[in-house]
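Structure assessment
Chain residues, written in single-letter form:
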Amino acid sequence: EGQRGVIYHTMKFCDYYGFEYAALNARGDIPMVKVETDGSSQSASQLRTRLEAFGETLRGTDANAPTARRTRDGQTYVLGVDSGSTSTDAVIVNGSGEVMAGVIMPTGAKATESAQRAKATVLEQVGLSEDDLSLKVATGYGRDNIPGTDISITEITCHARGAHLLAPEARTIIDIGGQDSKVIHLDENGNVLNFVMNDKCAAGTGRFMEMMARALEMPLDEFCATGLTWKRDVRISSMCTVFAESEVVSLVAQDTPVPDIIHGLCESVARKTATLAKRVRGEAPYLMTGGVANNAGVVRALEDVLGAPVRTHERSQLCGAIGAALLGLDGMR
């Protein structure tokens, strides 16, 4: 009695409790998150993200919001920084929730330095200094390594909030980032109903596409555009990055047209992502966020596999940073 949620823990690769979990999950009368561990600390950051996001879903984020600073001119400006494995994004919103500026920078070898650069750049765009900021909010896997921020919120909650601004009608978010993929099911108010993450390997992520482009000796932009000119279906049977690369090399050796190979890779990502969407009972309308939203081939393949339009937005890659700033602003109110 009084139970608000269930954390269902199993050991990795153990299916012993599979039927019990499926039965509990089918009931749908209490929020539940399933986590798998192998007893080591190697996946601690991913596990923490899942658990913190689950907690935010149950209790919200307002309880952790600090008191906002008084600024020199009395105006409200909130900074949101999304520190990811591939890019570090930063935005500033004003007191009305309008996005004033946004930047996307490569994370590189040091997440802290890239966050500082992104913050300095976005402040310069709008002619503000740090003293003008009422609140600074961090998200992403590097959120705890960004100095000077007031609060950190998981990317699950931030993408949900940002997506509700970019596409209020969206009910399912597909976020394919550099090192993981997430599918988030929303209610009509933009609240998280359920989410699932693929963070155990590079399958279906932006890193997967980067490595396949490298195998074909093509820049990523050219890789994405070339895949749109495919003529014949080519199925990539393995989602493992290493084995998929071997398949690509074999197809090249067979003189398979490169656009057909790339389309096959896009479809393999789409099938993997559609499986995640099914697990959270995803439904249209769909919105795609993260850097892979810029890959039209993956977007079209997702539409084919899901049987529904998949919308993108010019600010899809900034969605997490936008959500972080808006959640900070919501807490102030």
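First, a word on what this report is: a plain description of the structure on this page. Note that the structure is a prediction, hence the values are computed from the model and not measured.

Considerations on the nonpolar core
Of all hydrophobic cores here, the largest spans 38 residues; its most connected members are I174, F223, L265, M288, V298, L302 and L306. At the level of elements, β8 (172-176), α5 (206-215), α6 (220-226), α7 (241-253), α8 (258-279), β11 (286-289) and α9 (296-306) are the ones that each hand at least two residues to this core. Broken down by element, the residue count for this core peaks at 9 residues, all from α8. With residues up to four places along the chain from it excluded, the contact list for V298 reads I176, M209, C266, V269, M288 and V292.

Topic: the pattern of salt bridges
In this structure the tally under the stated criterion is 7 salt bridges. A salt bridge links E113 to K110; the shortest N-O distance between them is 3.7 Å. Residue classification places K110 among the exposed residues on the basis of a relative accessible area of 52%. One salt bridge in this structure joins K119 and E130, with 3.3 Å as the shortest N-O distance.

Side note on the packing of α5 against α8
At a minimum axis distance of 11 Å, the contact between α5 and α8 shows a crossing angle of 165°. Considered as vectors, α5 and α8 are oriented roughly antiparallel to each other. Crossing of α5 over α8 shows right-handed handedness. Contacts between α5 and α8 involve F208, M209 and M212 from the first element and L265, C266, S268 and V269 from the second. Tallied by class, residues from the contact of α5 with α8 come to 6 nonpolar, 1 polar and no charged.

Description of α8
For α8, which comprises 22 residues, the first-to-last C-alpha distance of 33 Å matches the rise-based estimate of 32 Å (1.5 Å per residue) to within 8%. Here α8 lies mainly inside the structure; 16 of its 22 residues are buried.

Description of helix α10 (residues 319-332)
Between its first and last C-alpha, α10 extends 20 Å over 14 residues, near the 20 Å set by a 1.5 Å rise per residue. Taken across its 14 residues, α10 has 11 buried, putting it largely inside the fold. Contacts from the buried residues of α10 go to β3 (77-83), β4 (87-94), β5 (99-106), β6 (135-139), α4 (155-166) and β11.

Thresholds, definitions, all that
Here the residue numbering is sequential within each chain, running from 1 through the sequence in written order. Local features in a predicted model are, by the rule used here, given only for residues with pLDDT of at least 70; side-chain atom pairs are given and counted only at 80 or more, and totals for whole chains, interfaces and linings are based on all residues. Just so you know, side-chain values use all the structure's heavy atoms and leave hydrogens and water out. The set of buried Ala, Val, Leu, Ile, Met, Phe, Trp, Tyr and Cys residues whose side-chain atoms join them within 4.5 Å is what this entry labels a nonpolar core. Each residue is placed in one exposure class: buried if its accessible area under a 1.4 Å probe, protein chains only, is under 20% of its type's maximum, exposed if it is over 50%, and partly exposed if it falls in between. The helix and strand labels rest on DSSP assignments: H or I over at least four residues marks a helix, E over at least two residues marks a strand, and numbering proceeds from the N terminus. Whether two residues are in contact is decided by their heavy atoms: any pair within 4.5 Å suffices. Here, a salt bridge means any side-chain nitrogen of Lys or Arg that lies within 4 Å of a carboxyl oxygen of Asp or Glu. Inter-axis angles, ranging from 0 to 180 degrees, are taken between N-to-C directions of lines fitted to C-alpha atoms, where helices are fitted over the stretch in contact. An angle below 35 degrees is read as roughly parallel, one above 145 as roughly antiparallel, one from 65 to 115 as roughly perpendicular, and any other as oblique. In a left-handed crossing the near helix is turned counterclockwise from the far helix by less than a right angle, and in a right-handed crossing that turn is clockwise. Ten residue types, Ala, Val, Leu, Ile, Met, Phe, Trp, Tyr, Cys and Pro, are classed as nonpolar, four, Asp, Glu, Lys and Arg, as charged, and the remainder, Gly among them, as polar. Here a helix's expected span is defined as the number of its residues, less one, multiplied by 1.5 Å.

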